[in-house]
Amino acid sequence: MIRLYVQGDLAPGAAVAPTLDQSRYLTQVMRLKAGDELLVFNGRDGEWRVSVAEVLKKGVILRAEEQMRPQTYGPDLELIVAVVKKARVETIVEKAAELGAKRVRLALTHRTNADRLRLDRLDAIAEEAAEQTGRLDVPVVDDPVKLDALLDGWEDGRRLMFCDETGGAPAITALTPFSPSPLWGGATGGVLDRQALPTRSRLEGLDHPPRDGEGEGRWAILIGPEGGFSPEEGERLRSLPFTTAVSLGPRILRADTAAIAAMTLWQAAVGDWDR
Ligand code: SAM
């Protein structure tokens, strides 16, 4: 069944006006006509079965028939990613929607060589991915801001999984509850010549899955640019009380791969994959 993200309120019998582009898609691409049905969601009222009520020149009018699923949200996970090449940012936004991130924040770091990004295109990618993946909301994509400003205005109670290719706690042990262990230095040898860096390897209060909006479950994942984080950035990040430096293994991953890997680990370790 076709699923569309719409703006208007959804209630029994409500008239819903999709955008002109969406109307064209429904009538000209999908060849829907009056009486045909599809699913819509607006990020607030759950998922509704609607029928095509009228096909007008200036667009289609849908009528809300029945709520099929109540509104739910995934875990409160934000993905913060340094601006990299446009195509990779587009992939990251699409995968963030599929992997359940609530928000994608674009960061300008010391080594970002930013491509010019079109936020409207990123919003469209997020929307399309949300429609396809079956979620009931669309991740917000924020304008790029400096990483330092992001950290200066950090939201109280939100934890940060800092993906650091120079060394960090093994992601699974860093995220899943286990008996307190001694500080874990970064692994040495292997593909990367890593320094052993002190890393807190246990995140307090993570021994229960995050529930909608509750403090314990509010997390962010941070991925750096092609050139990695500068030493000053790494030092600042490690010094922050809400941060845990995490390794994604002994190989250097490209930013889009790292974002996908980190979100996968997080969802599997503490997210909603066991729901
Ligand atoms: N300097 C390398 C490069 O030019 O490819 C590293 C940058 S890497 C493409 C971008 C980001 O992905 C890193 O800053 C880090 O956040 C994440 N990342 C990549 N590999 C990682 C690993 N093995 N462990 C932890 N994070 C990693």
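For the structure, check the block above.
Rules used throughout
- Residues numbered from 1 in each chain as written.
- Predicted model: local features only at pLDDT ≥ 70, side-chain atom pairs only at ≥ 80, totals over all residues.
- Heavy atoms only, no water.
- Salt bridge = Lys/Arg side-chain N within 4 Å of Asp/Glu carboxyl O.
- Helix = DSSP H or I, 4+ residues; strand = E, 2+ residues; numbered from the N terminus.
- Buried < 20%, exposed > 50% of the residue type's maximum accessible area, 1.4 Å probe, protein only.
- Pairing = 2+ DSSP bridges.
- Contact = heavy atoms within 4.5 Å.
- Axes fitted to C-alpha atoms, helices over the stretch in contact; angles between N-to-C directions.
- Patch = residues over 30% accessible without salt bridge, like charges linked within 9 Å, V, L, I, M, F, W, Y side chains within 5 Å.
- Areas by Shrake-Rupley, 256 points an atom, 1.4 Å probe, with all protein chains shown as cover.
- Phe/Tyr/Trp six-rings, centres within 6.5 Å; stacked < 30°, edge-to-face > 60°.
- Near = heavy atom within 4 Å.
- Polar contact = N/O pair within 3.5 Å; in protein donor to acceptor, adjacent residues only side chain to side chain.

Considering all chains together, one arrives at 25 salt bridges under this definition. With a closest N to O distance of 3.1 Å, Arg 69 and Glu 47 form a salt bridge. Here Arg 69 is found in strand E5 (residues 59–69), whereas its partner Glu 47 is found in strand E4 (residues 47–56), with 22 residues between them in sequence. The partner of Asp 164 in a salt bridge is Arg 238, with the nearest N and O atoms 3.0 Å apart. Taken together, the positions of Asp 164 in the loop between strand E10 (159–163) and strand E11 (169–170) and Arg 238 in helix H6 (residues 231–239) put the pair 74 residues apart, joining distant regions of the chain. On the basis of relative accessibility, which here comes to 25%, the residue Arg 238 falls in the partly exposed class. Here the residues in one salt-bridge network are Asp 76, Glu 78, Lys 102, Arg 103, Arg 105, Asp 142, Glu 155, Arg 158 and Arg 218, joined through shared partners.

Below, the discussion takes up the sheet that holds strand E1 (residues 3–5). Spatial ordering of the open sheet is given by E1-E3-E4-E5-E2, a layout of five strands whose pairing is mixed. Both outer strands of the open sheet, E1 and strand E2 (15–16), are each paired with one neighbouring strand and no more. When strand E3 (residues 37–41) meets E4, the two strands line up antiparallel, connected through five bridges. By the bridge assignment, Leu 39 is partnered in E4 with Arg 49. Helix H1 (residues 20–29) rests against E1, E3, E4 and E5 of the sheet, and its axis sits at about 85° to E5. Across the sheet, helix H3 (residues 119–133) is in contact with E1 and E3; its angle to E1 comes to roughly 145°.

A grouping of Tyr 25, Val 29 and Met 30 is seen on the molecular surface, where their side chains present a nonpolar patch of about 250 Å² in accessible area. Structurally, the position occupied by Val 29 is in helix H1.

Within this structure, the stated rule accounts for three aromatic pairs. Geometrically, the ring pair formed by Tyr 5 and Phe 41 is tilted, given 5.4 Å between the ring centres and 50° between the ring planes. Separated by 36 residues along the polypeptide, Tyr 5 in strand E1 and Phe 41 in strand E3 bring together distant segments of the chain. No difference in accessibility class separates Tyr 5 from Phe 41, as the two residues are buried. On the basis of an interplanar angle of 75° and a centroid distance of 5.2 Å, the ring pair of Phe 162 and Phe 229 is categorised as edge-to-face. Taken together, the positions of Phe 162 in strand E10 and Phe 229 in the loop between strand E12 (219–223) and H6 put the pair 67 residues apart, joining distant regions of the chain.

This next bit is on the site of the ligand. The environment of the ligand is formed by 20 residues, the closest being Cys 163, Glu 226, Leu 248, Gly 249 and Arg 251. Between the ligand and Glu 165 there is a distance of 3.1 Å, counted from an oxygen atom to a side-chain nitrogen or oxygen. Gly 224 has a polar backbone atom sitting 3.0 Å from an oxygen atom of the ligand. Protein burial of the ligand: of its 560 Å² of free accessible surface, 88% is covered by the chains.

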